[in-house]
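Read off the chains here:
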Amino acid sequence: MTDKAKQAASSKGLLQSEDLYRYILETSVYPREPEPLKKIRDVTADHPWAMMGTAPDAGQLMAMLLRLVNAKKTIEIGVFTGYSLLLTALTIPEDGQITAIDVNRETYEIGLPIIKKAGVDHKINFIESEALSVLDQLLKYSENEGSFDYAFVDADKDNYCNYHERLMKLLKVGGIAVYDNTLWGGTVAVPEEQVPDHFRGSSRQAILDLNRSLADDPRVQLSHVALGDGITICRRIF
Ligand SMILES: C[S@@+](CC[C@H](N)C(=O)[O-])C[C@H]1O[C@@H](n2cnc3c(N)ncnc32)[C@H](O)[C@@H]1O
């Protein structure tokens, strides 16, 4: 792994100590990270938005969740260069299917050669589009309702609550939705006037709204985890 990739990964955590985060990565995450995922991190490291890639420690938990629910049919909202997408494709079975949605095909194509070399591109249906309209389109066909095992949401925060409503119909009971960035750099717990400028705005407010509404949602079992930039795991229970 290049120094830049290491630096991008090490600065993602919310732990108080960078050394502790590095310890977790170097002890438990990097030694077990599949080679193609390391490559995606490396080719992404020079990208100006490299920080958007899913944190590898969060990815490791997501791979476990995918296995725990035997996920076969999944949705990926927000692909970027494809770290979490490739992780999902490597984890689900040979005949698994991922509906992967992003408004930007160019960034998907940065990781695509690595995805192809890993031999898992046949599991991916990439759709270049706003995600909300794709979910609405899926819901027009009744066979899609309750048919997905897993969804990972890592795109425009303003729509997270809208995505959640659609996913509660698309996921089967027992299926899992994972939302990324739900601690918003730790600023969810900081008074508005003390929040650094680059963390302010509608995205932070949308995360605060989402966190409140998920906590109140009786349809899901919930776990809010301080990994990466914060991830929230919702298991649909009815
Ligand atoms: C944080 S990145 C995703 C990172 C990715 N999960 C990974 O592991 O590398 C967010 C992505 O969401 C996409 N995006 C933003 N708004 C979107 C929307 N309304 N619909 C679909 N994709 C969107 C962006 O183009 C960007 O690639």
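Residues numbered from 1 in each chain as written. Predicted model: local features only at pLDDT ≥ 70, side-chain atom pairs only at ≥ 80, totals over all residues.

1. Looking at the confidence of the model for the protein
Stated formally: For every residue, the predictor assigns a confidence score, pLDDT, that lies between 0 and 100.
Looking at the protein as a whole, its pLDDT mean stands at 94, while 93% of the residues score no less than 70. With pTM at 0.94, the complex prediction returns an ipTM value of 0.99.

2. Things to note about the nonpolar core
Which entries qualify depends on this criterion: A set of buried Ala, Val, Leu, Ile, Met, Phe, Trp, Tyr and Cys residues, joined to one another through C-beta atoms within 7 Å, is what we call a nonpolar core. Labels follow a simple rule on C-beta atoms placed from the backbone: if 20 or more others lie within 10 Å of a residue's own, it is buried; if 12 or fewer, it is exposed; otherwise it is partly exposed. C-beta atoms are first placed from the backbone for all residues, and any pair lying within 7 Å is then listed as a contact.
Judged by nonpolar contacts, the single largest core of 52 residues is most densely connected at Leu-86, Ala-89, Ala-151, Val-153, Ala-177 and Val-178. Contact partners of Ala-177, with chain neighbours within four places excluded, come to Ala-151, Val-153, His-164, Leu-167, Leu-171 and Cys-234.

3. Structural notes on the pairing of strand β4 (residues 148-153)
Condition: Helical segments are the DSSP runs of H or I of at least four residues, strand segments are the runs of E of at least two, and each set is numbered from the N terminus. We call two strands paired when DSSP finds no fewer than two bridges between them. Viewed with both strands pointing away, a crossover whose connecting path from the first strand over the helix to the second turns clockwise is right-handed.
Among the 6 residues in β4, 5 count as buried, and that is most of the element. By the bridge criterion, 4 bridges tie strand β1 (residues 73-77) to β4 in an arrangement that is parallel. Each residue of the ladder has a partner; that of Thr-74, found in β4, is Tyr-150. Two elements, β4 and strand β5 (residues 171-180), share 5 bridges in a ladder whose sense is parallel. Looking across to β5, one finds that Tyr-150 is bridged to Ile-176. Handedness of the β-α-β unit built from β4, helix α8 (residues 160-170) and β5 comes out right-handed.

4. A short note on the environment of Val-79
Residue placement: Val-79 occurs in the loop between β1 and α5 (83-91). Under the C-beta neighbour-count criterion, Val-79 is labelled buried, with 29 such atoms within 10 Å. Separated by 29 residues in the primary sequence, Val-79 and Tyr-108 place their C-alpha atoms 6.5 Å from one another. Excluding residues within four positions of it along the chain, Val-79 makes contact with Leu-85, Ala-100, Asp-102, Tyr-108 and Phe-126.

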